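Structure assessment
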Amino acid sequence: EAGVTQFPSHSVIEKGQTVTLRCDPISGHDNLYWYRRVMGKEIKFLLHFVKESKQDESGMPNNRFLAERTGGTYSTLKVQPAELEDSGVYFCASSPFGTPDNSPLHFGNGTRLTVT
Amino acid sequence: RKEVEQDPGPFNVPEGATVAFNCTYSNSASQSFFWYRQDCRKEPKLLMSVYSSGNEDGRFTAQLNRASQYISLLIRDSKLSDSATYLCVVNKAQGAQKLVFGQGTRLTINP
């Protein structure tokens, strides 16, 4: 079974540009999560999709970030316009519907975003 | 105050040593607890879940004290391959895997 895949693995953009990150969850997984780690900080929750619906987007830092999951399959996270403080590693994870709360998450290998 | 606090280290210990990591969490409603490890430039990977009764997986032992809101990880007979950052992780949500991460403790095992 293929794991969670993320694309690109690295992205370097200039301040003010737009970047779109993509996450392909494990096939059939209804839950999809985005997390990120910015420099010197801990990994933090961004948002949670159940199928195509945003279940919880309380971790989204501001309205420059837009996440979508059309059709309930892959998800995109767009940053527009990017700022220097958006640099970090963005992780995606997925799990089946009904996964118990005490189940761990398994992450994709992340997208490293550098804004210059 | 951070929701999950860990000693950031770094810890540098010789191969074969026993290492102990500690972690505290602030939300008493937290439901589930984990230790993840993260290698340099890699994604975090589950090391083990932590249960109130304590649990062991080979050289690794995890303990949870809900009254003190304290989680620990013990690594015995450490190997060079144990070098990594160890993340204390708590799930405070019900019905979701909304994980709260500590900043991580960096461990280096020296030959």
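Every value quoted in this text rests on a predicted model; they were computed, and no experiment measured them.

Conventions we followed
- Residues numbered from 1 in each chain as written.
- Chains lettered and ligands numbered in written order.
- Predicted model: local features only at pLDDT ≥ 70, side-chain atom pairs only at ≥ 80, totals over all residues.
- Heavy atoms only, no water.
- Helix = DSSP H or I, 4+ residues; strand = E, 2+ residues; numbered from the N terminus.
- Rg over C-alpha atoms; globule rule 2.2 N^0.38 Å.
- Contact = heavy atoms within 4.5 Å.
- Areas by Shrake-Rupley, 256 points an atom, 1.4 Å probe, with all protein chains shown as cover.
- Lys, Arg positive; Asp, Glu negative; His and termini not counted.
- Charge placed at Lys NZ, Arg CZ, Asp CG, Glu CD.
- Phe/Tyr/Trp six-rings, centres within 6.5 Å; stacked < 30°, edge-to-face > 60°.
- Buried < 20%, exposed > 50% of the residue type's maximum accessible area, 1.4 Å probe, protein only.
- Lys NZ or Arg CZ within 6 Å of the ring centre and 35° of its normal.
- Salt bridge = Lys/Arg side-chain N within 4 Å of Asp/Glu carboxyl O.
- Polar contact = N/O pair within 3.5 Å; in protein donor to acceptor, adjacent residues only side chain to side chain.
- Disulfide = S-S within 2.5 Å.

Description of the overall build of chain B
Looking only at helices and strands, one finds 0 helices and 11 strands in chain B. Compactness check: chain B gives a C-alpha radius of gyration of 13 Å against a globular reference of 13 Å for 111 residues, within 12% of the reference. For chain B, the spread of C-alpha atoms along the three principal axes comes to 45 × 30 × 25 Å. Expressed as a percentage of contacts within chain B between residues at least 6 apart in sequence, the contacts between residues at least 24 apart total 56%. Summed over its atoms, the accessible surface of chain B is roughly 5,200 Å², and 46% of this surface lies on carbon and sulfur atoms. For chain B, the distance from the average site of its 13 positive side-chain charges to the average site of its 10 negative ones is 6 Å.

Comments concerning the packing of aromatic side chains
For the structure shown, the criterion picks out 14 aromatic pairs over all chains. When the ring of Phe65 of chain A is compared with that of Tyr90 of chain A, the centres are 6.5 Å apart and the planes differ by 25°; the resulting orientation is stacked. Here the residue Phe65 of chain A occupies a position in strand E7 (residues 65–68), and Tyr90 of chain A occupies one in strand E9 (residues 88–95), the gap between them amounting to 25 residues. Overall, the relative accessible area of 0% leaves Tyr90 of chain A in the buried class. Each member of the aromatic cluster is reached from another via a ring pair, and the members are Tyr33, Tyr35, Phe45, Phe91 and Phe107 of chain A together with Phe34, Tyr36 and Phe101 of chain B. In this structure, Arg22 of chain A is placed above the aromatic ring of Tyr74 of chain A, and the distance from its NZ or CZ to the ring centre is 3.7 Å.

Details of the side chain of Glu42 of chain A
Structurally, Glu42 of chain A is set in the loop between strand E4 (31–38) and strand E5 (44–50). Within the buried core, Glu42 of chain A has no salt-bridge partner, and the shortest N-O distance to an opposite charge, that of Lys44 of chain A, equals 4.1 Å. Setting aside chain neighbours within four positions, we find Glu42 of chain A in contact with Arg36 and Arg37 of chain A together with Lys2, Phe101, Gly102 and Gln103 of chain B.

Description of the pattern of salt bridges
The full count for this structure, using the stated rule, is 11 salt bridges over all chains. Residues Glu3 of chain B and Lys92 of chain B are paired through a salt bridge, measuring 3.1 Å at the closest nitrogen-oxygen approach. Here Glu3 of chain B is found in the segment before strand E1 (4–6), whereas its partner Lys92 of chain B is found in the loop between strand E9 (84–91) and strand E10 (99–101), with 89 residues between them in sequence. Since its relative accessible area comes to 32%, Glu3 of chain B is described here as partly exposed. Among the ionic pairs, Glu56 of chain B bridges to Arg76 of chain B, the shortest N-O distance being 3.6 Å. Of this pair, Glu56 of chain B sits in strand E6 (residues 55–57) while Arg76 of chain B is found in the loop between strand E8 (70–75) and E9, placing the two residues 20 residues apart along the sequence. One network of salt bridges, in which partners are shared, links Arg64, Glu85 and Asp86 of chain A.

Describing the side chain of Ser87 of chain A
Residue and element names in this part refer to chain A. Within the secondary structure, Ser87 is located in the loop between strand E8 (75–79) and E9. Reaching out from Ser87, the side chain makes a polar contact with the backbone oxygen of Leu84 at a distance of 3.1 Å. Engagement of the side chain of Ser87 in a polar contact is seen with the backbone nitrogen of Val115, the distance being 2.8 Å. Aside from chain neighbours lying at most four places away, what touches Ser87 is Val38, Met39, Leu113, Thr114 and Val115.

Quick word on the environment of Glu68 of chain A
Residues and elements named next belong to chain A. Relative to the helices and strands, Glu68 resides in strand E7. Once the C-alpha coordinates of Glu68 and Glu52 are considered, the two residues, 16 residues apart in sequence, prove to be 7.6 Å apart. Not counting chain neighbours up to four residues away, the residues in contact with Glu68 comprise Phe49, Tyr74, Ser75 and Thr76.

A short note on the state of the cysteines
Disulfides are covalent bonds that link the sulfur atoms of two cysteine residues. Residue and element names in this part refer to chain A. Applying the stated criterion across every chain, the model contains 2 disulfides over all chains. Two residues, Cys23 and Cys92, share a disulfide whose sulfurs are 1.8 Å apart. With the S-S bond torsion at -65°, the cross-link from Cys23 to Cys92 turns out left-handed. Linking Cys23 in strand E3 (residues 19–24) with Cys92 in strand E9, this pair joins segments that are 69 residues apart in sequence. Each member of the pair, Cys23 as well as Cys92, carries the same accessibility label: buried.

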